[in-house]
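The primary structure of each chain is shown beneath.
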Amino acid sequence: SVVYAYEYVITFDQEVSLFWMRKKTGATWLFFLIRYLALLGICLLNAATLAPMSDKVRKREVSASVSSCT
């Protein structure tokens, strides 16, 4: 995800000149939709992955993984 964020940062000036400053077409809106939904998805996935779990959830996951192995 760091590489993805880095790509956003280094290409933002090109995005502004090529997409933000020109007439909006269907392709432009499709570009924005794909680019920013992907960014939103990565942010949500990172937030869910890094969020602390309660002990109740952690115990349930451990017992489920142990029972699936037997």
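As a starting point, this report considers the structure included with it. (Residues numbered from 1 in each chain as written. Predicted model: local features only at pLDDT ≥ 70, side-chain atom pairs only at ≥ 80, totals over all residues. Heavy atoms only, no water.)

Brief notes about the side chain of arginine 35
Next up, step 1: As for its placement among the helices and strands, arginine 35 is situated in helix 2 (residues 26-50).
Next up, step 2: Its relative accessible area of 10% is what places arginine 35 among the buried residues.
Next up, step 3: Only 2.7 Å separates the side chain of arginine 35 from the side chain of glutamate 15, close enough to count as a polar contact.
Next up, step 4: Setting aside residues no more than four positions away along its own chain, arginine 35 makes contact with Glu7, Tyr8, Thr11 and Glu15. (Helix = DSSP H or I, 4+ residues; strand = E, 2+ residues; numbered from the N terminus. Buried < 20%, exposed > 50% of the residue type's maximum accessible area, 1.4 Å probe, protein only. Polar contact = N/O pair within 3.5 Å; in protein donor to acceptor, adjacent residues only side chain to side chain. Contact = heavy atoms within 4.5 Å.)

Structural notes on the packing of aromatic side chains
Next up, step 1: Inspection of every chain in the model, using the stated rule, returns 7 aromatic pairs.
Next up, step 2: Here the aromatic residues Phe19, Trp20, Trp29, Phe31 and Phe32 are joined through ring pairs into a cluster of three or more.
Next up, step 3: Geometry around tyrosine 8 places arginine 35 over its ring, the cationic atom sitting 4.0 Å from the centre. (Phe/Tyr/Trp six-rings, centres within 6.5 Å; stacked < 30°, edge-to-face > 60°. Lys NZ or Arg CZ within 6 Å of the ring centre and 35° of its normal.)

Quick word on the pattern of salt bridges
Next up, step 1: Enumeration over the complete set of coordinates arrives at 2 salt bridges.
Next up, step 2: For the salt bridge of arginine 35 with glutamate 7, the shortest nitrogen-to-oxygen distance reads 3.6 Å. One end of the pair, arginine 35, is in helix 2; the other, glutamate 7, is in helix 1 (residues 2-20), and 28 residues separate them in sequence.
Next up, step 3: Its salt-bridge partner being glutamate 15, residue arginine 35 comes within 2.7 Å of it at the nearest N-O pair. Of this pair, arginine 35 sits in helix 2 while glutamate 15 sits in helix 1; the two residues are 20 residues apart in sequence, bridging distant segments of the chain.
Next up, step 4: Among the residues examined, glutamate 15 registers a relative accessible area of 3% and is labelled buried.
Next up, step 5: Salt bridges sharing common partners tie together Glu7, Glu15 and Arg35. (Salt bridge = Lys/Arg side-chain N within 4 Å of Asp/Glu carboxyl O.)

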